[in-house]
Amino acid sequence: IEAFKAVKDSTQPVVVHIVTQKGKGYAPAEQHKEAWHYCAPFHPETGEPLMDMSGECYESITLDFMMKKMQADPSVCMITSGTPTVLGFTEEMRKKAGRQFIDVGIAEENAVALASGIAANGGKPVYGVYSTFIQRTYDQLQQDLCINNNPVTILVFAASVWGMNDVTHIGTYDIPMMSNIPGLVYLAPTTYEEYIAMLDWSIEQREHPVAIRVPGGVVHSDRELPDYGKLNKYEVYQQGSDVAIIALGTFFGIGMQAAELIEKNSGVKPTLINPIYITGLDTELLESLRKNHRAVITLEDGILDGGFGEKIARFYGASDVKTVNLGLK
């Protein structure tokens, strides 16, 4: 108040630099700043969350996998930008990781450029970031990373309608933003097993910059996993006819439900496809669908404008195959 009073009648431009204290007035947040950097709705009296937070989560899954990977290979390193617990890296885990863990502060641009430089010199960097913040790195993704084709792994968290939903923290724009950057391979796992296999492949390969859209909830499957180095080959989960459902990432489960409903209500068994790759088309498979499919439905956990489904619709634009793109407005 005193600062504002001192400058409010100024006749020249003035900058008032206000240092805020996150969680001011709530003792647990003041005492444990990192743990309370973000919190879901909670009981003020106890600090306990209102919803059940138990069960598997990709933060701890990633942490466990990466700790083992770093212990086995000193060239592997983790990078975060002001949110180390996006990957489960608490203060204790950061100490265990030592120099193989780097947090650059709230500077996502620096994180991508740093990762690109490390990869160019033989390192195996993995950068974890929330979908809503990767917008800040657009220039670095294009200019520092993909033009140089350096083998960096980027893990994109909370990229979902089930993720953050504040107007400045919406994690549903990454597909339109990233899927058209030349050179980038953007993957959409549907299960725990797919995610771990993609992560392991991405760290060890030296051909491409790779981003992985971390799924919303943890689902398990015993499906056979492909060689992800054979780019843009979709998985046909169920062979059918007349209608094909191409369900991306977290929405693959909804695609399975849709296939069941269509068969139940119409008697037609649809083809169900897990596309795996957000950045490329399996043109051979899409071409083959023309023979005995009249319609193709796409499902994606992201904004439709400029999204994955539009790539499929464009492919079939000059044909008789009808397309329906379902996702977020």
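Our subject is the structure that appears above.
Quantities reported herein were computed from a predicted structural model and do not represent experimental measurements.

With respect to the environment of Asp139
Right, so step 1: Structurally, the position occupied by Asp139 is in helix H6 (residues 138–146).
Right, so step 2: Residue classification places Asp139 among the partly exposed residues on the basis of a relative accessible area of 46%.
Right, so step 3: Note: C-alpha distance between Asp139 and Val112 (27 residues apart in sequence) is 9.6 Å.

Focus on the pattern of salt bridges
Right, so step 1: Within the structure shown, the criterion is met by 15 salt bridges.
Right, so step 2: With a closest N to O distance of 3.5 Å, Asp9 and Lys8 form a salt bridge. Residue Asp9 shares its accessibility class with Lys8, and that shared class is exposed.
Right, so step 3: For Arg294, the salt bridge is made with Asp242, and the minimal N-O distance between the two is 2.8 Å. Of the two residues, Arg294 sits in strand E10 (residues 293–303) while Asp242 sits in strand E8 (residues 242–247), which places them 52 residues apart along the sequence.
Right, so step 4: Looking at Arg294, the relative accessible area reads 57%, which means it is exposed.

Digging into the side chain of Asp174
Right, so step 1: Topologically, Asp174 is positioned in helix H7 (residues 174–178).
Right, so step 2: Polar side-chain contacts of Asp174 include one of 2.7 Å to the side chain of Tyr186.
Right, so step 3: The contact partners of Asp174, leaving out residues within four places of it in the chain, are Ser131, Val156, Ala159, Ser179, Tyr186 and Arg213.

Description of the sheet that holds strand E9 (residues 271–274)
Right, so step 1: Here we have five strands laid out as an open sheet, ordered E7-E9-E8-E10-E11, and mixed in their pairing. This sheet does not close on itself; its edge strands, each paired only once, are strand E7 (235–238) and strand E11 (322–328). Pairs of neighbouring strands in the sheet enclose a mean axial angle of 25 degrees, with direction left out of account.
Right, so step 2: Two strands pair when backbone bridges link them, and E10 and E11 are joined in this way by six bridges, in the parallel orientation. Looking at the pairing, Leu299 lines up with Leu326 of E11.

Observations regarding the packing of aromatic side chains
Right, so step 1: Per the stated rule, a full pass over the model turns up ten aromatic pairs.
Right, so step 2: For the ring pair Phe315 and Tyr316, a centre distance of 5.1 Å and an interplane angle of 90 degrees mean the geometry is edge-to-face. Here Phe315 and Tyr316 have matching classes, each one buried.
Right, so step 3: Through a chain of ring-to-ring contacts, three or more aromatic side chains come together here, namely Tyr26, Trp36 and Phe42.

Quick look at the pairing of strand E1 (residues 76–80)
Right, so step 1: Counting buried positions along E1 gives five out of five residues, so the element sits mostly inside the fold.
Right, so step 2: Neither face of E1 is left uncovered, since the one carrying Val76, Met78 and Thr80 and the one carrying Cys77 and Ile79 both have all their residues buried.
Right, so step 3: In this structure, E1 lies alongside strand E3 (residues 124–130), joined through four bridges in parallel fashion. Paired with Val76 across the strands is Lys124, a residue of E3.
Right, so step 4: The sheet contact formed by E1 and strand E2 (residues 101–103) spans three bridges and is parallel.

Here's the deal with the layout of surface pockets
Right, so step 1: Computed from the structure, the largest pocket encloses a volume of approximately 1,700 Å³.
Right, so step 2: Lining the largest pocket are 49 residues, with Tyr38, Met53, Glu59, Tyr130 and Met164 sitting closest to its centre.
Right, so step 3: Each residue belonging to the lining of the largest pocket can be placed in one class, and the counts come to 24 nonpolar, 16 polar and nine charged.
Right, so step 4: Forming the boundary of the second largest pocket are 14 residues, of which Thr190, Val219, Thr250, Phe252 and Gly253 lie nearest the centre.
Right, so step 5: In the lining of the second largest pocket, the residues fall into four nonpolar, nine polar and one charged.

Re the nonpolar core
Nonpolar side chains in soluble globular proteins tend to end up buried together.
Right, so step 1: By size, the foremost hydrophobic cluster in this structure holds 74 residues, and its most contacted members are Phe89, Ile154 and Tyr195.
Right, so step 2: Here the element with the most residues in this core is helix H3 (residues 58–72); it accounts for seven residues.

Criteria and cut-off values
- Residues numbered from 1 in each chain as written.
- Predicted model: local features only at pLDDT ≥ 70, side-chain atom pairs only at ≥ 80, totals over all residues.
- Heavy atoms only, no water.
- Helix = DSSP H or I, 4+ residues; strand = E, 2+ residues; numbered from the N terminus.
- Buried < 20%, exposed > 50% of the residue type's maximum accessible area, 1.4 Å probe, protein only.
- Salt bridge = Lys/Arg side-chain N within 4 Å of Asp/Glu carboxyl O.
- Polar contact = N/O pair within 3.5 Å; in protein donor to acceptor, adjacent residues only side chain to side chain.
- Contact = heavy atoms within 4.5 Å.
- Pairing = 2+ DSSP bridges.
- Axes fitted to C-alpha atoms, helices over the stretch in contact; angles between N-to-C directions.
- Phe/Tyr/Trp six-rings, centres within 6.5 Å; stacked < 30°, edge-to-face > 60°.
- 1 Å grid on protein atoms, 1.4 Å probe; cavity = no way out; pocket = protein on both sides within 12 Å on 5 of 7 lines; lining within 4 Å.
- Points joined across faces, edges and corners; volume = space filled by probe spheres on them.
- Nonpolar A, V, L, I, M, F, W, Y, C, P; charged D, E, K, R; others polar.
- Core = buried A, V, L, I, M, F, W, Y, C linked by side-chain atoms within 4.5 Å.

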